Amino acid sequence: MTDPQALPAATPLLAVCNVSVTFGGIVALNGVSFDMHQGQILGLIGPNGAGKTTLFNCLSRLYQPSAGDILMEGASILRRPPHRIAEIGIGRTFQNVALFSNLSVLDNVRIGAHARTQSDIISDSLRLPGVRRGEAALNARVDEILGYLELGDVAHNVVSGLPFGTQKRVELARALATEPKILLLDEPAGGLNHEEVYALGDLIRRIRNDRKITVLLVEHHMGLVMSIADHVVALNFGRKLADGTPAAVQSDPDVIKAYLGSKDQ
């Protein structure tokens, strides 16, 4: 059953509008459009090379589209540099864990939380009352997130010494510390075993329900996507193949052909 928070609103939280990306003569995305509404879990699927990560990199401002626009709450994000994307409420994890491996879990998550702080070098140096209050609030937020993701026991451990599944949770904690409205999850199930994937699905739903965060999920694990997504967008060779409920997309002939091929190929 779709969560009430996932019901469509009049204005999309995120609108991808005819986005194209070219690298030299290679077309990575070709006129892709879809809407994402507050409270949804939206799954973005497609074979390798379909353009999923390219689209994610546009959303997090690592790539600039060759054409089209991306609107967040009705305003274009394309004039924002990557370091200012967290302040409008977009947080992200990466397919390959991108943590500060020589820092502790606590420090990695604090770095994410600092993306939402407003201070300057003079205030920080003088330790003005506002700075102290801000640091206390930041520490409380970080502690809450570590507890929420069951990372409190390893808070002071160096990240490089932790199991891969735990490192994935640390990266998720860092993204949550930015207080996102939209959480971009890039292949979160990669490298996880069956039990960990099942737990991840429960966690993603819980994050949406508990923290009222909209989730855009890129994932090859079809069981995970189809079990938790409210809406699915399928890409292939940079084009949108299908856009609808998990059941509708899963049974779409073009999607089946893209994944399984056909006798005519």
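Residues numbered from 1 in each chain as written. Predicted model: local features only at pLDDT ≥ 70, side-chain atom pairs only at ≥ 80, totals over all residues. Heavy atoms only, no water.

Naming follows an unreviewed UniProt entry, where the chain appears as Amino acid/amide ABC transporter ATP-binding protein 1, HAAT family of Bradyrhizobium erythrophlei. If you open the UniProt record of the chain and go to Function (unreviewed entry), you find "Involved in beta-(1-->2)glucan export. Transmembrane domains (TMD) form a pore in the inner membrane and the ATP-binding domain (NBD) is responsible for energy generation." (UniProt positions renumbered as here; feature names shortened; annotations may be inferred.)

Novice: How do you make sense of the environment of Leu103 when you look at a structure like this?
Specialist: One can find Leu103 in the loop between strand 6 (90-92) and helix 2 (105-114). Relative accessible area serves as the criterion here: at 31%, Leu103 is assigned to the partly exposed category. In this structure Leu103 touches Asn108, Ile111, Asn157, Val158 and Val159, once residues within four positions along its chain are discounted. (Helix = DSSP H or I, 4+ residues; strand = E, 2+ residues; numbered from the N terminus. Buried < 20%, exposed > 50% of the residue type's maximum accessible area, 1.4 Å probe, protein only. Contact = heavy atoms within 4.5 Å.)

Novice: Just to check I follow, could you spell out the sheet that holds strand 6 for this structure?
Specialist: The strands making up a sheet associate through hydrogen bonds between their backbones, and the pairing can be parallel or antiparallel. Taken in spatial order, the 6 strands of this open sheet run 6-7-8-3-9-10, and their pairing is mixed. Taken across any chain shown, the strands that pair with only one partner, and hence form the sheet edges, are strand 6 and strand 10 (239-244). Each strand axis lies, on average, 20 degrees off the axis of its neighbour in the sheet, ignoring direction. Contacts between helix 1 (residues 52-59) and the sheet are confined to strand 3 (41-45), strand 6, strand 7 (182-186), strand 8 (214-218) and strand 9 (231-236), with strand 7 contributing the most and set at about 145 degrees to the helix. (Pairing = 2+ DSSP bridges. Axes fitted to C-alpha atoms, helices over the stretch in contact; angles between N-to-C directions.)

Novice: Looking at this structure, I do not really get the packing of helix 2 against helix 5 (residues 164-177). What am I missing?
Specialist: Two quantities define a packed helix pair, namely the angle between the axes and the distance from one axis to the other. Two elements in contact, helix 2 and helix 5, have axes separated by 6 Å at closest approach and are oriented at 30 degrees. In terms of their interaxial angle, helix 2 and helix 5 are classed as roughly parallel. Pair helix 2 / helix 5 crosses with right-handed handedness. Touching Val105, Asn108, Val109, Gly112 and Ala113 of helix 2 are Val170, Ala173, Arg174 and Ala177, all from helix 5. Looking at side-chain class alone, the contact of helix 2 with helix 5 contains 6 nonpolar, 2 polar and 1 charged residues. (Parallel < 35°, antiparallel > 145°, perpendicular 65-115°, else oblique. Left-handed = near helix turned anticlockwise from the far one by under 90°. Nonpolar A, V, L, I, M, F, W, Y, C, P; charged D, E, K, R; others polar.)

Novice: It is not clear to me how helix 6 (residues 194-211) should be interpreted in this structure. Could you clarify?
Specialist: Side chains three or four residues apart in an α-helix point the same way, a direct result of the helix having 3.6 residues per turn. Across its 18 residues, helix 6 extends 25 Å between first and last C-alpha, which sits within 8% of the 26 Å expected from 1.5 Å per residue. Its side-chain oxygen placed 3.2 Å from the backbone nitrogen of Glu195, Asn193 serves as the N-cap of helix 6. At the exit of helix 6 stands Lys212, carrying a positive phi of roughly 55 degrees. (Expected span 1.5 Å × (residues − 1). Polar contact = N/O pair within 3.5 Å; in protein donor to acceptor, adjacent residues only side chain to side chain.)

Novice: Would you explain the side chain of Asp230 in this entry?
Specialist: Note on placement: Asp230 falls in the loop between helix 7 (222-228) and strand 9. The class of Asp230 is buried, set by a relative accessible area of 15%.

Novice: I'm lost on unusual backbone geometry in this one. Help?
Specialist: Glycine aside, a negative phi is what most residues show, and trans is what most peptide bonds show. A positive phi is found at Glu150, a non-glycine position, where the angle reads about 55 degrees. Even without being a glycine, Glu179 presents a positive backbone phi close to 55 degrees. Tracing the backbone through its elements, the reader meets Glu179 in the loop between helix 5 and strand 7.

Novice: Help me understand helix 2, please; the structure alone is not making it clear to me.
Specialist: Across the 10 residues that make up helix 2, a large majority, 7, are buried. For helix 2, every residue scored as buried is listed here: Val105, Leu106, Asn108, Val109, Arg110, Gly112 and Ala113.

Novice: What is the right way to look at the pairing of strand 3 in this model?
Specialist: By the criterion of burial, strand 3 is predominantly enclosed, with 5 of the 5 residues buried. Residues Ile41, Gly43 and Ile45 of strand 3 are buried on one face, and the alternating residues Leu42 and Leu44, pointing to the opposite face, are buried as well. As defined by bridge partners, strand 3 adjoins strand 8 across 4 bridges and the pair is classed as parallel. In the strand pairing of strand 8, Ile41 is matched with Val215. With 4 bridges connecting them, strand 3 and strand 9 associate as parallel partners. Note that in strand 9 the partner of Gly43 across the bridge is Val232.

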